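Architecture at a glance
What follows is the residue order along each chain.
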Amino acid sequence: MADDVTPATRWVASSALTRYRLAPNPGPMSLDGTNSYVIARPGSTSVVVVDPGPLDDKHLAELAATGRVELVILTHHHVDHTEAAEEFHRMTGAPVRARDAALCLGADPLDDGERIDAAGVRIEVLATPGHTADSVSLHLPDDGEHGSVLTGDTILGRGTTVLAFPDGRLGDYLDSLRRLEALGPATVLPAHGPVLPDLSAIARAYAAHRGERLDQVRAALERLGPDAAVADVTDAVYTDIDPSVRRAAETSVAAQLDYLRGWA
C-alpha cells in the first residue's frame, strides 16, 4: 500500500482492512506523527479506532467521521497515543480498552490472546511488552494474504524503538520480537512511520540490531569498568547522537545494562 501523506488529507490506505490518519504531532520521538488507525471491513457501518493520539479537534473529528466508533484500543500508555482518549470517548461514546486498566473507559482491560470481533474484523490481542510494560500488538489474520499486525511502538516504520526503562525491559522486548516473528510475513502497521512488509523478517532484523547494541555495551563495559554509569556508556556507544534524542538513548542503554547485569 502507498504511504504518501499530504497535509491536505493526512489519510493513508494502509491495508485491505485498515487506514490511518497521521496525527499533527511530529517530533524526534514520534517521527512524522502518530498513525491513528481505523479498522473496518469494507461496507461496515462501524469502525474500531486505534490510538486516537493528541488532543487535536480536527484530527478527532476526522476519526469520528469514519463511521460509528464501536471500540477504541490503545496500544500503550504514552501520551502521543492516549492524550485524546478521554475526549474521543466523550465524543463517540465508544468504550476505550488497553492493557492497563487505568486507561480503560467503560470497558475491561485487554487480555493477552483475546479475540475481538468488531467492525466485521477479527482482531487478536498480543501482549508485546518491552517498549513499555503495557504494550500490545493487534493481529488481523484476515487482512490480506498474510494478515497484518498493528505493532504500536514495538516495531516502527523506520528506525528502532526506545525501551522506556524501567517500565520497558529488554528481556521482555526480545521475547515480544520472537512472538511477532512467529506470525510470519504479515504486513507491519506501525504507530509511527510507513507501513512495512514481512513482519517476520523485520522482527529478526530488530533482534539482530539489539544483539549488536548489546555487544557494543559489553565492549564499553570492558573499557570503562563493570560499574560504568549510564551516561558514560551512552557516550561510548552512541558517538554521534543528536541532543534531541539523548535522553532516549540513555534510557535504552539503561535497559541494556539492566539486561546484562541481571538487575531486579
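Procedures and definitions
Residues numbered from 1 in each chain as written. Predicted model: local features only at pLDDT ≥ 70, side-chain atom pairs only at ≥ 80, totals over all residues. Heavy atoms only, no water. Helix = DSSP H or I, 4+ residues; strand = E, 2+ residues; numbered from the N terminus. Rg over C-alpha atoms; globule rule 2.2 N^0.38 Å. Buried < 20%, exposed > 50% of the residue type's maximum accessible area, 1.4 Å probe, protein only. Contact = heavy atoms within 4.5 Å. Areas by Shrake-Rupley, 256 points an atom, 1.4 Å probe, with all protein chains shown as cover. Pairing = 2+ DSSP bridges. Axes fitted to C-alpha atoms, helices over the stretch in contact; angles between N-to-C directions. Parallel < 35°, antiparallel > 145°, perpendicular 65-115°, else oblique. Left-handed = near helix turned anticlockwise from the far one by under 90°. Nonpolar A, V, L, I, M, F, W, Y, C, P; charged D, E, K, R; others polar. Core = buried A, V, L, I, M, F, W, Y, C linked by side-chain atoms within 4.5 Å. Expected span 1.5 Å × (residues − 1). Salt bridge = Lys/Arg side-chain N within 4 Å of Asp/Glu carboxyl O.

Some words on the overall build of the protein chain
Counting secondary structure elements, the protein chain contains seven helices and 11 strands. Computed over its C-alpha atoms, the radius of gyration of the protein chain comes to 19 Å, within 12% of the 18 Å expected for a compact globule of 264 residues. Across its three principal directions, the C-alpha atoms of the protein chain cover 60 × 35 × 35 Å. Among the 264 residues that make up the protein chain, the fraction classed as buried is 51%. Sequence-distant contacts in the protein chain: of pairs separated by 6 or more residues, those separated by 24 or more amount to 54%. Accessible area for the protein chain stands at about 11,300 Å²; split by element, carbon and sulfur atoms hold 51% of it.

Overview of the pairing of strand E3 (residues 35-39)
With five of five residues buried, E3 lies mostly within the body of the structure. Of the two faces of E3, the one holding Asn 35, Tyr 37 and Ile 39 and the one holding Ser 36 and Val 38 are both buried throughout. Across three bridges, the pairing between E3 and strand E4 (residues 46-50) is antiparallel. When the sheet's bridge partners are listed, Tyr 37 is paired in E4 with Val 50. Count of turn residues in the E3/E4 antiparallel hairpin: six residues, of which Gly 43 carries a positive phi of about 95°.

Some remarks on the packing of helix H1 (residues 57-64) against helix H3 (residues 85-92)
The contact between H1 and H3 brings their axes to 11 Å, and the two run at 45°. Classified by the angle between their axes, H1 and H3 sit oblique to one another. In this structure, the crossing between H1 and H3 has a hand that is right-handed. Residues Leu 60, Ala 61, Leu 63 and Ala 64 of H1 form the contact with H3, whose own contacting residues are Glu 87, Phe 88, Met 91 and Thr 92. Residue composition of the contact of H1 with H3, grouped by class: six nonpolar, one polar and one charged.

Section: the nonpolar core
By size, the foremost hydrophobic cluster in this structure holds 38 residues, and its most contacted members are Ile 39, Val 48, Val 50, Ile 73, Ile 116, Ile 123 and Leu 150. Ignoring sequence-local partners within four residues, the contact set of Val 50 consists of Asn 35, Ser 36, Tyr 37, Ile 39, Ile 73, Thr 75, Leu 138 and Leu 150. Counting 19 residues, the second largest nonpolar core, distinct from the first, contains Leu 170, Leu 174, Leu 199 and Ile 202.

Remarks on helix H5 (residues 199-224)
Given a rise of 1.5 Å per residue, 26 residues ought to cover 38 Å, and the 37 Å separating the end C-alpha atoms of H5 matches this to within 8%. Taken together, the buried positions of H5 are Leu 199, Ser 200, Ile 202, Ala 203, Tyr 206, Arg 210, Arg 213, Leu 214, Val 217, Ala 220 and Leu 221. In this structure, the buried side of H5 is in contact with strand E10 (148-152), helix H4 (170-181), strand E11 (187-190), helix H6 (230-237) and helix H7 (246-261). One or two positions beyond H5, positive phi appears at Gly 225, with a value near 105°.

Description of the pattern of salt bridges
Taken as a whole and assessed by the stated rule, the structure comprises 13 salt bridges. With a shortest N-O distance of 2.8 Å, Asp 112 and Arg 179 are connected by a salt bridge. Highlighted residues: Asp 112 in the loop between strand E6 (96-97) and strand E7 (115-118) and Arg 179 in helix H4, separated in sequence by 67 residues. For Asp 112, a relative accessible area of 39% translates into the label partly exposed. A salt bridge links Arg 122 to Asp 142, with the nearest nitrogen and oxygen atoms 3.0 Å apart. With Arg 122 in strand E8 (residues 121-127) and Asp 142 in the loop between strand E9 (136-140) and E10, the pair connects residues that are 20 residues apart, well separated along the chain.

Some words on the sheet that holds E8
Taking strand neighbours across the sheet as the criterion, the five strands line up as E7-E8-E9-E10-E11 in an open arrangement whose pairing is mixed. Unpaired on one side and paired on the other, E7 and E11 mark the two borders of the sheet. Pairs of neighbouring strands in the sheet enclose a mean axial angle of 25°, with direction left out of account. Note that E9 and E10 share three bridges and pair antiparallel. Across the sheet, His 139 pairs through a bridge with Val 149, a residue of E10. Against the sheet, H4 contacts E8, E9 and E10, and its axis sits at roughly 150° relative to E8.

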